[in-house]
Amino acid sequence: MVREVKEDELNELLELYLHLHEKSIPEMSEHLDKTWKTIMQDENHHIIVKMADDKIVASCVCVIIPNLTRNVRPYAFIENVVTHADYRGKGYATECLNYAKEIAQKANCYKMMLLTGSKTETTLRFYQNAGYNSTDKTAFIRWLE
């Protein structure tokens with residue numbers, strides 16, 4: 001089953017993020033709690049999860065960004081695409097991305113974008129097979145401290 005995350009699934013989601021790039025789960029704090037509540041209350045912020053074996057095994061984030069160009073149509077940004085290492089290669093992240101596409105289409109988005117830091121050929125092919133290309137735009141990132 002693919003669906004949006006529930007408010008009581010924060011800890012499970014944070015555990016999944018250990019398979020993304022996180023080295024540890026952040027301590028429960030007022031800041032974490034406030035951030036989680038902000039995300040949960042934001043109608044444009046969607047955390048999509050794939051359930052298998054009664055746990056979250058894959059996820060992605062889809063944020064709908066209001067826009068004044070392209071006939072005042074929003075666009076979607078995809079982030080934090082991850083699958084638990086034990087569940088990779090089963091199409092679960094693709095299911096999450098397809099769910100994100102449905103959300104973007106319902107919101108009348110004119111495009112979806114994602115960035116990846118991976119240079120691994122299989123990861124890049126995964127995104128290409130999911131319908132994304134790396135030829136239309138050039139991404140630049142400025143990291144902030």
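From a predicted model like this one, the values you see are computed outputs, not experimental measurements.

1. A look at the pattern of salt bridges
Point 1. A complete count under the given rule lists 3 salt bridges for this structure.
Point 2. In this structure, Glu9 engages Arg3 in a salt bridge whose closest nitrogen and oxygen atoms are separated by 2.6 Å.
Point 3. As a salt-bridge pair, Glu95 and Lys50 come within 3.1 Å of each other at their nearest N and O atoms. Pair noted here: Glu95 is in helix H3 (residues 92–106) and Lys50 is in strand S2 (residues 45–52), with a separation of 45 residues, a long-range link.

2. What to know about the pairing of S2
Point 1. Across the 8 residues that make up S2, a large majority, 7, are buried.
Point 2. Bridging between strand S1 (residues 2–4) and S2 involves 3 bridges; their strand directions are antiparallel. Within S2, the residue paired with Arg3 across the bridge is Val49.
Point 3. Pairing between S2 and strand S3 (residues 55–65): 8 bridges, direction antiparallel. Looking across to S3, one finds that Met51 is bridged to Ile56.

3. Notes on unusual backbone geometry
Point 1. Notably, Asp54 is not glycine yet its phi reads approximately 60°, a positive angle.
Point 2. Mapped onto the elements of the fold, Asp54 is located in the loop between S2 and S3.
Point 3. Positive phi, normally seen in glycine, also occurs at Asn80, with a value near 55°.

4. Quick notes on H3
Point 1. Between its terminal C-alpha atoms H3 stretches 22 Å, which fits the 21 Å expected from 15 residues at 1.5 Å a residue.
Point 2. For H3, the set of buried residues is Tyr92, Ala93, Cys96, Leu97, Ala100, Ile103 and Ala104. Across the axial projection of H3, the buried residues extend over an arc of 140°, all falling on one side. Exposed positions of H3 whose direction lies more than 90 degrees from the buried face are Gln105 and Lys106.
Point 3. Buried residues along H3 sit against S1, S2, S3, strand S4 (75–83), strand S5 (112–114) and helix H4 (121–129).
Point 4. Downstream of H3 by a residue or two, Asn108 has a phi angle that is positive, lying close to 65°.

Here is what the cut-offs are and how they apply
Residues numbered from 1 in each chain as written. Predicted model: local features only at pLDDT ≥ 70, side-chain atom pairs only at ≥ 80, totals over all residues. Heavy atoms only, no water. Salt bridge = Lys/Arg side-chain N within 4 Å of Asp/Glu carboxyl O. Helix = DSSP H or I, 4+ residues; strand = E, 2+ residues; numbered from the N terminus. Buried < 20%, exposed > 50% of the residue type's maximum accessible area, 1.4 Å probe, protein only. Pairing = 2+ DSSP bridges. Expected span 1.5 Å × (residues − 1). Arc of directions from axis to C-beta. Contact = heavy atoms within 4.5 Å.

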